Amino acid sequence: MVVSCCRRPKEMSTVSKRYKLDMVFMKRLCHLLPVLFLSWKSAQTILFFLLLLIAGGEQGAAYFVGLIPSQFYVVLPAKDWSGFLTVLWQSLLYIVLISLIKSAKTYISKLLYVRWREAMTAHLHKLYFKAFNYYKLNVLQTGNVDNTDQRITQDVERLCNQLSLVVPTLIVSPFTIATYTYLTYEITGYLGPLVIYCYFIVGSVINKFIMSPVVNLTYQQEKQEGIFRFKHAQLRANSESVAFYSAGGVEKDNADRKLFSLVDVQLTLTNWEFWLNVAVNLFDYLGSILSYVIIAIPIFAGVYNGVPASEISGLISAYSFQTMYLISCFSKLIDLSTKISDIGGYTHRIGELLESLEELSPNTKKSPETDESSRRNILHLDPDSDMTPTMTSDTHFLISEMDRDREYLSEDAREGLTRREEEEEEVSSVDSLIAFQLDQVAVATPSKEDILIKDLTLEVVEGRNILITGSTGSGKTSLLRVLHGLWPVMSGTVEQRGVRPRDIMFLPQKAYLSDGTLMEQITYPSKNSMRFSRSLLDEDPDPCQILDQVGLEGLVHRCDGLDTPVSWNWYDVLTPGEAQCLAFARLLYQRPKFALLDEATSAVPSEKEAQLYSLCREAKMTLISVGHHVTLKRFHDAELVIDGRGGWTLVDISHIE
């Protein structure tokens, strides 16, 4: 597999972008539409057209309901009893009908909002959790996207909700406006529609001027909301550490600074929204007067001279409704200013995230040269290049695209993939003993120019345990990131032989504890109790026996069984040492060929550390460990010493007992 070498990724920009309802907004909105409408037969599309149909029916029912007062103005002065009863039951029928239609519109709108949110979130999840994209966005800050969690959870929810409310009005309004423009023209001639259209244009220009900063402020408000929420989530996750430092006052000041930044943006947004609401309300009430001004044109022009006053009252009621409804259609569009401003901000935030994820996601169209390199699983870089590789999909040489997409395959496809992998394992050559071969590799952080390790040549052989030591910040963990495919190399080649992604498992210093039952903690990262590191023919080990081996035999009783759902946060009930022991329980359950251990026993006593490493060696795992304890040497065959200045030394320690 080939890693392309390109310019260094951009640093997080300190220049504040401005977001508006412009062509960039339209481009991003159009980019989101295929996600919202999966196909012509999808539930989202069916609900959308049903909502449009109901919205159109609402306008038809509103027309007949609006004419009800004019009919009463005719029958009541004439004391027409039978006519009054007829108008009365027709009115009740129309009112029941429009009530049902409005309720159905609200119901379908909410269903569409839920389905849109489901489709959008699922699509983002598919890209976000694919090929370490979550790592690149959150840790490496690739794409300059802040608060990805807020964008996926909160911003998607608000965008879909606002769209479900606004879109039917935007689509149906042109047809309604055309109908009532014709009716108004028949009453007043060209002058009536002309006045109303000029009224709408003036209102739109004023609102456009006010809306421009509101869109940007909405974006900034959501950004500050995410920063403020993250601060409290950070404090919640590290409450004990903060308490040991007695740092409540410092954390209060930090949280207050985040709060004040958020409040500043909210106050500015509130001030602009005040003037936007003033403009909206002003045009709403002016519209009610404007309708009578338009009706007055034919009346004072003498069009209805000689018509009885009772009939003129009915005509005024009917005609004023038609002109008022035309004005109301324009007023509704102006009233949507606030919602459209919100939609603009949310669209920019989600659009940015989607664009970044698509740039990071693997390209399914490969050239024959790339396919050939992929089969060989080799990284090629020009050692003399002055460029730095970015985190592209090709960087993840440990994980083939088929393995990355395994969870999206059908059951038959997964079985076929498993059979092919087992066949490949059976015909593997002697070279498979060399799992990784690093040749003249230079390791540097993706965002810094300082090279951590220079010209590293190393063979990681199955059965040969390597201990990586060095000072803090020398590049020990960075080397593990390179081996696991999280980071690219600055130069050199890394060749992978006979090792599949499921043959490797990584244990970080701080054990990650997901939510779920005790059994799900042990089997993590598998989706079920099936181990990802062995074939289906292998017998799974006893999880209770493993817990006993790592010293967590009492955990089953505390959890009331392996498969009993728990409501607590695992970090709140386990000490750091117990969490590391539980991580080793995962390792012993999965039993991969290679275990990358990044100070995975830093929180346990030396006796427990020796016990855990002995269990791994008994399971015939090849260990690549990062650690500072001298006692770790007796569990390894070689020590790679990194001096922190780019140099390194490989020492044979197999003789140490």
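- As named in an unreviewed UniProt entry, the chain is ATP-binding cassette sub-family D member 4, taken from Strongylocentrotus purpuratus.
- Of the chain, the UniProt comment under Sequence similarities (unreviewed entry) reads exactly: "Belongs to the ABC transporter superfamily. ABCD family. Peroxisomal fatty acyl CoA transporter (TC 3.A.1.203) subfamily."

Considerations on the pattern of salt bridges
Inference 1: Going through the model one piece at a time under the given rule, you end up with 14 salt bridges.
Inference 2: A salt bridge links glutamate 118 to arginine 115, with the shortest nitrogen-to-oxygen separation between them at 3.0 Å. Residue glutamate 118 and its partner arginine 115 are both found in helix H4 (residues 81-128); the two are separated by three residues, about one turn of the helix.
Inference 3: For glutamate 118, a relative accessible area of 45% corresponds to the partly exposed category.
Inference 4: One connected set of salt bridges, linked through shared partners, spans Asp146, Arg151, Asp155, Arg349 and Glu352.

As for the sheet that holds strand S7 (residues 622-626)
Inference 1: One open sheet holds the six strands; their spatial order is S5-S6-S7-S3-S8-S9, and the pairing between them is mixed. Each edge of the sheet is formed by a strand with only one pairing partner; in this case those strands are strand S5 (504-507) and strand S9 (648-652). Ignoring strand direction, the axes of neighbouring strands in this sheet form an average angle of 15 degrees.
Inference 2: Taken together, the three bridges between strand S3 (residues 466-470) and S7 define a ladder with parallel strand orientation. Residue isoleucine 466 lies in a different strand from S7, and its bridge partner there is isoleucine 624.
Inference 3: Sitting on the sheet, helix H15 (residues 476-484) touches S3, S5, strand S6 (594-598), S7 and strand S8 (638-642), and the angle it makes with S6 is about 150 degrees.
Inference 4: Along the sheet, helix H20 (residues 576-590) contacts S5 and S6; its crossing angle with S5, the most-contacted strand, is approximately 175 degrees.

Some words on the nonpolar core
Inference 1: Counting residues in hydrophobic clusters, the biggest one holds 59 residues, and the most contacted among them are Met120 and Leu124.
Inference 2: Of all the elements in the fold, those that place two or more residues in this core are helix H1 (23-36), helix H2 (43-66), H4, helix H6 (148-188), helix H7 (191-237), helix H9 (248-300), helix H10 (309-335) and helix H11 (337-360).
Inference 3: Of all the elements, H6 adds the most residues to this core, at eleven residues.
Inference 4: Ranked by size, the runner-up nonpolar core spans 41 residues in total, among them Leu552, Leu562, Tyr589 and Tyr613.

Digging into the sheet that holds strand S2 (residues 451-461)
Inference 1: The sheet built from three strands is open, its strands ordered S2-S1-S4 with antiparallel pairing. Lying at the two open borders of the sheet, with one neighbouring strand each, are S2 and strand S4 (491-496). Averaged over all pairs of adjacent strands, the angle between their axes in this sheet comes to 10 degrees, without regard to strand direction.
Inference 2: Where strand S1 (residues 434-444) lies against S2, seven bridges are found, and the strand directions are antiparallel. Within S2, the position partnered with glutamine 437 by the bridge is glutamate 459.
Inference 3: Strands in contact with H15 are S1, S2 and S4; relative to S1, the strand with the most contacts, it is inclined by about 125 degrees.

Rules used throughout
- Residues numbered from 1 in each chain as written.
- Predicted model: local features only at pLDDT ≥ 70, side-chain atom pairs only at ≥ 80, totals over all residues.
- Heavy atoms only, no water.
- UniProt positions renumbered as here; feature names shortened; annotations may be inferred.
- Salt bridge = Lys/Arg side-chain N within 4 Å of Asp/Glu carboxyl O.
- Helix = DSSP H or I, 4+ residues; strand = E, 2+ residues; numbered from the N terminus.
- Buried < 20%, exposed > 50% of the residue type's maximum accessible area, 1.4 Å probe, protein only.
- Pairing = 2+ DSSP bridges.
- Axes fitted to C-alpha atoms, helices over the stretch in contact; angles between N-to-C directions.
- Contact = heavy atoms within 4.5 Å.
- Core = buried A, V, L, I, M, F, W, Y, C linked by side-chain atoms within 4.5 Å.

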